[in-house]
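Analysis of the macromolecular model
If you want the building blocks of each chain, they are given just below.
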Amino acid sequence: LARRGFRCCTHSGALSQIRARAAMVASSGRNSSSLSLTCPMSPTRSSRISIVPPPSPHTPRGHSRTSVNNAHLCRPEVGSLVQTKRLGQVRGQDLDRPDPSSHPQRSLTKAPQSDLVHKEDALEAIMSVESQLGFLQMGLYQLNKLNATRVAVDPADIESVDKLDYLMDGLDFESPSEHCLDPQRDSEYLEQNELRLWSCNSQEYNEGSASPPEWFSDVEGLGIGIGFPSDPGPPAKGVDGRPPACQDRIFGARCGEFTVLGLANGHGRPRTSEALLKRIAELLPPALFQSVPFLRQDLAGALINAFHHVHCEASQELDLRLTGAAVTVALIDDHSVWVAHVGDCRAVLGVPDPHANAASFHFAPNCLTSDHTLAVSKEFDKVCDAGAECRKLVNDNVYRMYIRDQEIPGLTLTRAIGDRLAHSVGLHHTPSVAMVERHTLSQGDTGSFLVMGTGALWSVMSERTVVNWISRHFSDAMSAAESLSSEAAERWQDPECTTKRSLKAGLPESFGSILIYFKPPEAAAGSTTRSFVTGPHSVKDSHHDWDTVKHKGRADELRRTQARLLPAEELAD
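Residues numbered from 1 in each chain as written. Predicted model: local features only at pLDDT ≥ 70, side-chain atom pairs only at ≥ 80, totals over all residues. Heavy atoms only, no water.

Each helix and strand in the protein was counted, giving 17 helices and 19 strands. Put simply, of all contacts in the protein between residues at least 6 apart along the chain, 68% involve residues at least 24 apart. (Helix = DSSP H or I, 4+ residues; strand = E, 2+ residues; numbered from the N terminus. Contact = heavy atoms within 4.5 Å.)

Time to look at the packing of helix 13 (residues 463–470) against helix 14 (residues 477–492). Packing of helix 13 against helix 14 leaves a shortest axis separation of 10 Å and a crossing angle of 140°. Between helix 13 and helix 14, the crossing angle belongs to the class labelled oblique. Both helix 13 and helix 14 take part in a crossing whose hand is right-handed. Facing Thr465, Val466, Trp469 and Ile470 of helix 13, the residues of helix 14 in contact are Ala480, Ser483, Leu484, Glu487 and Arg491. (Axes fitted to C-alpha atoms, helices over the stretch in contact; angles between N-to-C directions. Parallel < 35°, antiparallel > 145°, perpendicular 65-115°, else oblique. Left-handed = near helix turned anticlockwise from the far one by under 90°.)

Counting 54 residues, the largest nonpolar core has Met401, Leu421, Val451, Val466, Ile470 and Leu515 as its most contacted members. At the level of elements, strand 12 (400–402), helix 11 (420–423), strand 16 (449–453), helix 12 (455–460), helix 13, helix 14 and strand 17 (513–517) are the ones that each hand at least two residues to this core. Leave out the neighbours within four places in its chain, and Met401 touches Leu374, Val383, Ala388, Glu389, Pro409, Gly410, Leu411, Leu413, Thr414, Ala422, Val425 and Leu427. (Core = buried A, V, L, I, M, F, W, Y, C linked by side-chain atoms within 4.5 Å. Buried < 20%, exposed > 50% of the residue type's maximum accessible area, 1.4 Å probe, protein only.)

This brings us to the pairing of strand 4 (residues 223–227). Among the five residues in strand 4, five count as buried, and that is most of the element. Judged by which residues are buried, strand 4 turns out to be covered on both faces: Gly223, Gly225 and Gly227 on one side and Ile224 and Ile226 on the other are all buried.

Taken as a whole and assessed by the stated rule, the structure comprises 13 aromatic pairs. Where Tyr189 meets Phe289, the ring centres are 5.9 Å apart and the plane angle is 25°; that geometry is what we call stacked. Pair noted here: Tyr189 is in helix 5 (residues 188–192) and Phe289 is in helix 7 (residues 270–290), with a separation of 100 residues, a long-range link. One exposure class covers both Tyr189 and Phe289, and it is buried. A centroid spacing of 6.2 Å and a plane angle of 50° characterise the contact between Phe258 and Phe289, whose relative ring orientation is tilted. One end of the pair, Phe258, is in strand 6 (residues 258–267); the other, Phe289, is in helix 7, with 31 residues separating them in the sequence. Each member of the pair, Phe258 together with Phe289, is buried. Within the aromatic cluster, the residues linked to one another by ring pairs are Tyr189, Phe258, Phe289 and Phe294. Positioned above the aromatic ring of Tyr402 is the side chain of Arg391, whose terminal nitrogen or guanidinium carbon lies 4.3 Å from the ring centre. (Phe/Tyr/Trp six-rings, centres within 6.5 Å; stacked < 30°, edge-to-face > 60°. Lys NZ or Arg CZ within 6 Å of the ring centre and 35° of its normal.)

Time to look at the sheet that holds strand 10 (residues 363–367). Strand order in the open sheet formed by five strands is 4-17-16-9-10, and the pairing between neighbours is antiparallel. The two strands at the open ends of the sheet, each matched to only one other strand, are strand 4 and strand 10. On average, each strand axis in the sheet is inclined to that of its neighbour by 20°, with strand direction left out of account. Pairing of strand 9 (residues 346–352) with strand 16 involves five bridges; the strand directions are antiparallel. Within the sheet, the bridge partner assigned to Ala347 lies in strand 16 and is Met452. Across the sheet, helix 13 lies against strand 9, strand 10, strand 16 and strand 17, angled at about 130° from strand 10, the strand it touches most. Helix-sheet contacts for helix 14 involve strand 4, strand 16 and strand 17, and the interaxial angle to strand 4 is about 30°. (Pairing = 2+ DSSP bridges.)

Turning to its location among the elements, Ser471 is positioned in the loop between helix 13 and helix 14. For Ser471, a relative accessible area of 4% translates into the label buried. Setting aside its immediate chain neighbours within four residues, Ser471 contacts Phe361, Phe363, Phe449 and Tyr517.

The bulk of non-glycine residues show a negative phi, and the bulk of peptide bonds are trans. Of note, the bond from Ile408 into Pro409 is cis; its omega dihedral lies within 30 degrees of zero at 5°. Structurally, the position occupied by Pro409 is in strand 13 (residues 409–411). Not every positive phi belongs to a glycine, and Gln297 is a case in point at roughly 65°. Tracing the backbone through its elements, the reader meets Gln297 in the loop between helix 8 (292–295) and helix 9 (299–317). Of note, the phi angle at Asp405 is positive, near 65°, even though the residue is not glycine. In this fold, Asp405 is placed in the loop between strand 12 and strand 13.

Now for the confidence of the model for the protein. Mean pLDDT over the protein stands at 75; residues scoring 70 or higher make up 66%. Note that pLDDT drops below 50 for residues 1–15; the model gives that stretch 29 contacts with residues more than four away or on any other chain. Counting interchain partners and residues more than four positions distant, the pLDDT-below-50 stretch residues 29–98 has 101 contacts. (pLDDT = per-residue confidence, 0-100.)

Applying the stated criterion to the full structure yields 16 salt bridges. Put simply, Asp162, Asp165, Asp319 and Arg321 are held in one network by salt bridges that share partners. (Salt bridge = Lys/Arg side-chain N within 4 Å of Asp/Glu carboxyl O.)

And the structure:
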């Protein structure tokens, strides 16, 4: 009976009597379907109980079971055999109960249990899986603010990098793009036209050692400005006694009729990142003009080829296992504007607002780039399909990419130059390319402009805020770009800034920007701010600037007119 899953509610001293009677019945051939026993419940009291086998699961539906007395039956204390096998342990030892593992097939398929027992076991299994997933998110993976940056994880304290070198199998040097099939360089265009290069980072710009080149003002039809946050004071010394590394760089090039303007924002090991950004500024413009697609006048293919060439060259010179950069480049000629980017450095076109009475003072944003981050669903799906493990850590507000069962690289980006280990789990360096025809941008005094900024700048200022911050409030592009970068840095320092809430306090960031007016600089200087109408539209010269409109005398004049008073009369307070 014990083997069949019953528990008898009898006195423990009656166990031997039950076994004896059961053996007697078996030997005499009597029917054992109903066995009546007298079991002493106490020294002076006895009671009769009925022990019956459980109903067969194959009993016909129409057969009546009202004669079966099952009030004394209950579920075995040690739980179901299915549960015991799943947990891999036995919570109780019964000499009369066989080992469940000795008959695994019978215990899993023919255990005499009700449907309710199976449902409870299934529910328990589901809850166990959910609890395990919750543990993986809440207990196993938590963000360490001392190591996390806005887009990556600081690899300084990570010791498990060397054992993952086998993942760098060289496949990141083989671009799937058809524009990179021919790695040859052709210097024909550079031999016919002079190449002028320039670049600087925020520290060099604030120190005055790298000022904008003169050819910025020589480009016809463009007003070019660059901006970094104003110098906060003397630079602090790093751990090695040198000034801290700058992980931002703006670069430009002029060759023939083409102008190249680019912005790079690095991450990873600071010194390696600083060296990578410098190499990008030196390698990308020549690689663009020497590529085979450029000679075929395929500018989109030339940009893709140049990004691939820079990644391969820089990876052979520097340790880029956990170091990389987000890069945005604008290639401008007399007819078009080409924008290529990897990462989260955006390029946004500010165009006059098409609504009535707003075109002369208000601008609308038109983003030419889409962030390559895990926040974009299609980018998220691509890296997951490639084998990356995407986690949203405790105390973090974004998803990060990891090698499975590892704590690196912790990237929020899905495309970047460098980051060779992340290339093994779906990250790549093929840029997205967009094009705008310039004749659609040149509109006289209401011309458009292009603004490029680092990811940190766009994290604290929306696209609409940026284009209207610039608008027509500045006489030249340089002062507008500097004002924009300084405003972004000031917002980042705000204690209420939600973007850096999960990051280390005092973490340095980059807020470089590039501004391009698509009209002659003198037209930009002659732009005026919005004028306000202070009377009927039919009245001439009814437009005034804001200083006149907000003056107290103007308000008093309106009150006198409304009260129908003479100008000489005093107004009651």
